[in-house]
Amino acid sequence: MKKSRFLFLFFLFGLSVLGLHTIYSQKSNDSLWYYNNIITKLEDSDKLNAAFLFFDREIQKQLSRGDTIPAVQNLRRVAIGQYELGFLYESEATAVQALKLLENLKSNPITKEARSGVLNHLGIVYRNIKSYDKSLSYYKEALKYAVDYSDSIPTINNISNVYLDQGKYKQALKNSKLVAEMRLKQNDSIGIARAFDNLGFVQSKLNIPNGLTNMRKALNIRLREHDVSGMYSSRHHLSEYFLNQGNRQKAVEHAEQAYDLAKQLNSASYIENALSLLLDLSDDPKIIEYRKLTDSLSLAKQIQENKYAVIKYNVEKERQNTQMAELQKEREKRYKIIFLSAFLLAVMGAMFILYRKNQQRKRELVQTVQKTEARISKRVHDDLANDVSGVMTFVENKLSTSTNFKENLLNYLNDIYLRARDISVANTGVDVSDFPAALKSLIAQYHPKGVNVITSPYSNINWDDVPEHKKIQLYKCLQELLVNSKKHSKATLISIAFNGKGKKNEIVYSDNGIGFDSDNIVLGGLNNVETRMTEIEGSFSFESNEGKGFIASLLF
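Residues numbered from 1 in each chain as written. Predicted model: local features only at pLDDT ≥ 70, side-chain atom pairs only at ≥ 80, totals over all residues. Heavy atoms only, no water.

So, the nonpolar core
Counting residues in each nonpolar core, the largest one holds 36 residues, and the members touching the most others are Trp 463, Ile 507 and Met 533. Sorting the residues of this core by element identifies α20 (435–445), α21 (468–489), β2 (493–501), β3 (504–511), α22 (524–535) and β5 (550–555) as the ones contributing at least two each. It is α21 that provides the largest number of residues to this core, a total of eight residues. Residues within four places of Met 533 in sequence aside, it is in contact with Leu 474, Cys 477, Gly 538, Ser 539, Phe 540, Leu 554, Leu 555 and Phe 556. One finds Ala 172, Val 179, Ala 195 and Tyr 232 within the second-largest nonpolar core, a separate group that totals 35 residues. (Core = buried A, V, L, I, M, F, W, Y, C linked by side-chain atoms within 4.5 Å. Buried < 20%, exposed > 50% of the residue type's maximum accessible area, 1.4 Å probe, protein only. Helix = DSSP H or I, 4+ residues; strand = E, 2+ residues; numbered from the N terminus. Contact = heavy atoms within 4.5 Å.)

In structure tokens:
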């Protein structure tokens, strides 16, 4: 089976190398728009690697010829694609690279437009990661390079949105009014509707009566133009407005209409946003508390694992293959392509074998540790817990003359017995044949009295794709977190979320306990969790402050 799979990979690799000449012979102009749609509109996710490869190759060729402006334009396209995919920090790095290329160019309408576009994009990125001061500085810098007032409208509107995020409504109102005035000078009903919707929403934050009028005016234009995405924005703003006014019925009505529009758009991001709005309108105290915890986690997260590493790796490998293919073409010795392909495949095969052996060694190491833990568990139970139980029976039968002494001693020994039993349970083997059931049992076992435990569906993660040794370590990591919470946190609410993230999965644990100062506490249990996650090539991060609960992420 393994040998067949290996030969199949060899066959695919050979086809890809032999097909390079055909791919690279496409007309650059046609390819530009084709891959631009893939990378910015996410029209075909299966071709993302090819799209990033195309632009990377074009950028390298343009820079080698000294064509800086076309290279900057392609870097902007890559940055936009990275942003749309959620790779914010990679998008920032690409935009900064484009900005550096523009530094040594003379100022003219073309370079001004390019600088304005790159600076505006950086403002969007920093707003998304909630670095508002940086976002404003880049937007204001972008305005300096706007060719005319119409080019400045999107940037001024973006500035208004940042002020809105910060709760600086007066500054937001000033910019929103300016955008509305500028839009009225243009024959663009969609743009006018967007400007009046934003203006009305800002006005509503300041309790200005015209706010609702302007938002409704924008909705009517969007209904007439059948602008579905615009109608969604209007419904969302109106829902927030009526919620702030205390009219929950109207707020829910607009939120449900926004949800229907999101389904028409068939966009996961719109649907998620609409559902989030409906959750915000819920008056269930548990849901409200859960939202607060998850929002806190979202704000506290730092730079995520570099999900774009695989694509960058593929781009580099494909660039090398391209250079080799071009060399063979120049020499017109096609047979060398086959030889080179075989050589590269041999290297990849050797790397693959070494990787598999390394993975097998790690699994064997984990299994050895698990067997050792099981052996320790049995010994603790047989040699310690049973002996303590025997002593308890002896004391109960023999020390009948001293009641108080007897009671105290029995309680003390009973506590020892219970702790010994807990050690045994904590180190025993884990049956992962039905992993969701094992997790439910674990949570029920360590469920502290008087504490509410909320979990997302276990099926959010495809457990069939998770190897057994990883399941065991994840089980023990969750066990460690639950034990710590039971002993120390004094929490009244625990949230455990299971999130599938493509090739990566995440378990997010959080509670509203007393928290702790991580700089002034011994983190023995949490160090154990980090060690276990490292063993399965995962990562562990947490955040806690005194009086502000505890949040942890298990990424695998």
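A look at the pairing of strand β4 (residues 539–544)
Alignment of β4 against β5, held across six bridges, turns out to be antiparallel. For Ser 539, the partnering residue across the bridge sits in β5 and is Leu 555. Linking two consecutive strands that pair antiparallel, namely β4 and β5, is a turn of five residues; a positive phi of about 80° is found at Gly 547 within it. (Pairing = 2+ DSSP bridges.)

Some words on the environment of Leu 265
Tracing the chain through its elements places Leu 265 in helix α14 (residues 248–265). Sequence separation between Leu 265 and Ser 229 is 36 residues; the distance between their C-alpha atoms is 7.2 Å. In contact with Leu 265, not counting residues within four places along its chain, are Val 228, Ser 229 and Tyr 270.

Considering the pattern of salt bridges
Taken as a whole and judged by the stated rule, the model has six salt bridges. Two residues, Arg 65 and Asp 67, come together in a salt bridge whose shortest N-O distance is 3.1 Å. Asp 67 gets classed as partly exposed once you look at its relative accessible area, which sits at 30%. Across the pair Arg 183 and Asp 188 runs a salt bridge, and its minimum N-O distance is 3.8 Å. Look at Arg 183 and you get buried, because its relative accessible area is 14%. On the accessibility criterion, Asp 188 (30% relative accessible area) is partly exposed. (Salt bridge = Lys/Arg side-chain N within 4 Å of Asp/Glu carboxyl O.)

Regarding the sheet that holds β2
Within the open sheet, the five strands sit side by side as β1-β2-β3-β5-β4. Their pairing is mixed. Two strands lie at the open edges of the sheet, namely β1 (452–455) and β4, each paired on one side alone. Across the sheet, the mean angle separating the axes of adjacent strands is 10° when strand polarity is ignored. This element, α21, spans β2, β3 and β5 of the sheet and lies at about 10° to β3. (Axes fitted to C-alpha atoms, helices over the stretch in contact; angles between N-to-C directions.)

Let's talk about the packing of aromatic side chains
In the structure shown here, the tally under the stated rule is 11 aromatic pairs. Geometrically, the ring pair formed by Tyr 241 and Phe 242 is edge-to-face, given 5.1 Å between the ring centres and 75° between the ring planes. For the residue pair Tyr 241 and Phe 242, the accessibility class agrees, reading buried in each case. The structure contains a cluster of three or more aromatic residues connected by ring pairs, namely Phe 435, Tyr 458, Trp 463, Phe 498 and Phe 556. (Phe/Tyr/Trp six-rings, centres within 6.5 Å; stacked < 30°, edge-to-face > 60°.)

Re the packing of α14 against helix α15 (residues 268–280)
Relative to each other, α14 and α15 sit at 165°, their axes nearing to 8 Å. In this view, α14 runs roughly antiparallel relative to α15, as classed from their interaxial angle. Classified by chirality, the crossing of α15 by α14 is left-handed. Of α15, the residues touching α14 (which contributes Ala 255, Glu 256, Ala 258, Tyr 259, Ala 262, Lys 263 and Leu 265) are Tyr 270, Ile 271, Ala 274, Leu 275, Leu 277 and Leu 278. Tallied by class, residues from the contact of α14 with α15 come to 11 nonpolar, no polar and two charged. (Parallel < 35°, antiparallel > 145°, perpendicular 65-115°, else oblique. Left-handed = near helix turned anticlockwise from the far one by under 90°. Nonpolar A, V, L, I, M, F, W, Y, C, P; charged D, E, K, R; others polar.)

Concerning the side chain of Arg 183
Here Arg 183 shows up in helix α10 (residues 169–184). The residues touching Arg 183, leaving out its near neighbours within four places in the chain, are Ile 153, Asp 188, Gly 191, Ile 192, Arg 194 and Ala 195.

A few points about a nonpolar patch on the surface
Taken together, the side chains of Phe 343, Val 347 and Met 351 present a nonpolar region at the surface, about 290 Å² in accessible area. On the secondary structure map, Phe 343 appears in helix α18 (residues 335–398). (Patch = residues over 30% accessible without salt bridge, like charges linked within 9 Å, V, L, I, M, F, W, Y side chains within 5 Å. Areas by Shrake-Rupley, 256 points an atom, 1.4 Å probe, with all protein chains shown as cover.)

Thoughts on the packing of helix α5 (residues 68–85) against helix α6 (residues 88–102)
Remark: α5 packs on α6, axes separated minimally by 8 Å, with the N-to-C direction vectors making an angle of 165°. In terms of orientation, α5 and α6 fall into the roughly antiparallel class. As for the relative orientation of α5 and α6, their crossing is left-handed in sense. Contacts between α5 and α6 involve Thr 68, Ile 69, Val 72, Leu 75, Val 78, Ala 79, Gln 82 and Tyr 83 on the former and, on the latter, Leu 88, Glu 90, Ser 91, Thr 94, Ala 95, Gln 97, Ala 98, Leu 101 and Leu 102. Partitioned by chemical class, the residues of the contact of α5 with α6 number 11 nonpolar, five polar and one charged.

As for the environment of Asn 128
Note on placement: Asn 128 falls in helix α7 (residues 109–128). A C-alpha to C-alpha distance of 8.2 Å links Asn 128 and Leu 88, two positions 40 residues apart in sequence. Once residues within four sequence positions are removed from consideration, Asn 128 is found in contact with Tyr 83 and Leu 88.

Focus on the confidence of the model for the protein chain
Counting all residues, the mean pLDDT for the protein chain is 77, and 71% of those residues have values of 70 or more. Looking over the protein chain, one finds the lowest element-wise mean pLDDT in helix α1 (residues 2–18), namely 39, and the highest in helix α12 (residues 210–225), namely 93. Across residues 1–26, confidence stays below pLDDT 50; counting only partners more than four residues off in sequence or on other chains, it has 20 contacts. Confidence drops under a pLDDT of 50 for residues 302–317, and excluding neighbours within four residues, the segment shows 19 contacts in the predicted structure. (pLDDT = per-residue confidence, 0-100.)

Comments concerning α14
Between its first and last C-alpha, α14 extends 25 Å over 18 residues, near the 26 Å set by a 1.5 Å rise per residue. All buried positions along α14 are accounted for by Ala 251, His 254, Ala 255, Ala 258, Leu 261 and Ala 262. Along the axis of α14, the buried residues cluster in a sector spanning 120°; they form a single face. What points out from α14, more than 90 degrees from its buried face, is the exposed set Gln 249 and Gln 264. Of the surrounding secondary structure, the elements contacted by the buried residues of α14 are α13 (228–244) and α15. Just downstream of α14 lies Asn 266, where phi reads positive at about 55°. (Expected span 1.5 Å × (residues − 1). Arc of directions from axis to C-beta.)

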